Amino acid sequence: MTAQIIDGKALSQRLRVGFRERVERLKARGVSPGLAVVLVGDNPASRVYVGNKIKACEECGVHSLHIGLAADVSEAEVLATIERLNRDAGIHGILVQLPLPAHIPIARVLEAISVHKDVDGFHLYNVGALVTGTSIFPPCTPYGVQLLLDTTGIDVAGKNAVVVGASNIVGKPMGLMLLQREATVTICHAKTRDLAQHTILADILIVAAGKPGLIVPQMVKEGAIVIDVGINRLPDGRIVGDVCFDAVKEKASWITPVPGGVGPMTVTMLIENTLRSAERAFKAADGDEFQDWEAPVVKSPD
Ligand code: NAD
């Protein structure tokens with residue numbers, strides 16, 4: 001079997017067409033959706049990520065505010081910046097680019113962000129809401145994976161879903177989202193013994209370990225859906241995922257490439273969450289004329 005490719009770039013572009021329409025609808029009602037991105041220090045990778053987010057805002061017509069703070073900024077100043085953004089009615093989403101310098105406690109910074117503007121979904125409230133299945137802002141990477149899964153048209157309910165990687169930003173929320181959709185979920189991590197014994201049972205295999213070449217065909221069930229979240233730069237400069245793509249695609253039914261799979265979806269879901277926040281703010285301020293947010297519907301191929 002040769003897998004069908006799940007094209008994250010194409011899906012992102014389709015979703016962004018819909019976003020531009022939503023922005024126009026908001027602007028016609030006097031609301032200009034806005035996202036603030038706070039970058040502390042000048043980590044080169046973070047600068048690239050922030051640049052991509054600002055670019056995506058521009059593409060969709062979302063106003064973006066880039067706030068750069070020096071690497072030696074005090075915790076108090078970071079918190080004061082967030083507080084200002086929390087009160088700014090023109091800002092609907094606040095994102096603090098991680099990692100932060102060691103002297104700034106990440107947890108205190110994330111919890112300072114208003115839960116109504118927490119478009120990354122990292123505030124404890126939104127993390128808890130994910131557990132109960134009521135999250136307003138699902139974290140962007142697993143949210144993007146969920147939509148990529150939808151494109152296959154396969155019902156997640158009752159499937160064996162195995163997530164490799166248990167980080168707070170990808171693996172754990174991914175597991176919760178799959179559980180919410182009634183999959184039987186296993187989350188593996190670096191201390192898991194005999195990883196293959198788990199992955200071979202997966203109808204849906206989601207890999208987010210940051211280890212190139214981790215998943216080889218012998219670890220994959222015939223016909224599995226394989227989603228590769230990993231982004232790894234090899235010494236020769238190539239970007240690859242965690243899955244041996246060429247070999248595994250001969251065994252899987254669906255597979256995401258790297259690049260062009262999960263990566264573009266992460267930024268797209270950030271814009272989705274920002275628009276959702278702006279729509280909710282409008283609704284709260286102006287009665288119920290505006291339709292409440294609905295999750296983007298992804299049509300499966302026939
Ligand atoms: P992380 O380092 O915070 O967590 C990695 C997880 O993988 C940990 O739970 C660890 O225990 C597990 N792990 C490591 N080696 C393992 C092994 N040999 N077997 C099983 N589990 C193992 O990383 P993260 O932030 O979750 O990111 C994971 C990968 O996903 C990275 O490559 C990262 O660049 C990528 N990523 C991509 C996107 C995107 O938009 N595509 C977004 C976030 C992260």
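See the structure shown above.
The rules behind these values
Residues numbered from 1 in each chain as written. Predicted model: local features only at pLDDT ≥ 70, side-chain atom pairs only at ≥ 80, totals over all residues. Heavy atoms only, no water. Helix = DSSP H or I, 4+ residues; strand = E, 2+ residues; numbered from the N terminus. Near = heavy atom within 4 Å. Polar contact = N/O pair within 3.5 Å; in protein donor to acceptor, adjacent residues only side chain to side chain. Areas by Shrake-Rupley, 256 points an atom, 1.4 Å probe, with all protein chains shown as cover. Nonpolar A, V, L, I, M, F, W, Y, C, P; charged D, E, K, R; others polar.

Novice: Explanation requested: unusual backbone geometry in the structure shown.
Specialist: Where the residue is not glycine, phi is negative for most of them; where a peptide bond is considered, it is trans in most cases. The linkage connecting L98 with the following residue, P99, adopts the cis geometry, with an omega of 0°. Residue position: P99 is located in the loop between β4 (93-96) and α4 (106-112). Geometrically, the link from V258 to P259 is a cis peptide bond, its omega value of -5° lying close to zero. One can find P259 in the loop between β11 (254-255) and α10 (262-286). Of note in the backbone geometry, E182 takes a positive phi value of approximately 70° without being a glycine. Even without being glycine, D194 reaches a positive phi, approximately 50°. Within the secondary structure, D194 sits in the loop between β6 (184-188) and α8 (195-199).

Novice: So what exactly am I meant to see when it comes to the site of the ligand here?
Specialist: Taken together, the neighbourhood of the ligand is formed by 22 residues, with A166, S167, A190, I231 and T266 sitting nearest. A166 is positioned with one of its backbone polar atoms (N or O) 2.8 Å from an oxygen atom of the ligand. Between the ligand and the protein, one listed contact pairs an oxygen atom with a backbone N or O atom of I231 at 3.0 Å. Alone, the ligand offers 860 Å² of accessible surface; in the complex the protein occludes 71% of this. With three residues, the top contributor of residues to the shell around the ligand is α10. When grouped by side-chain class, the residues that make up the shell around the ligand number 12 nonpolar, nine polar and one charged.

Any link to function would need more than the numbers given here.
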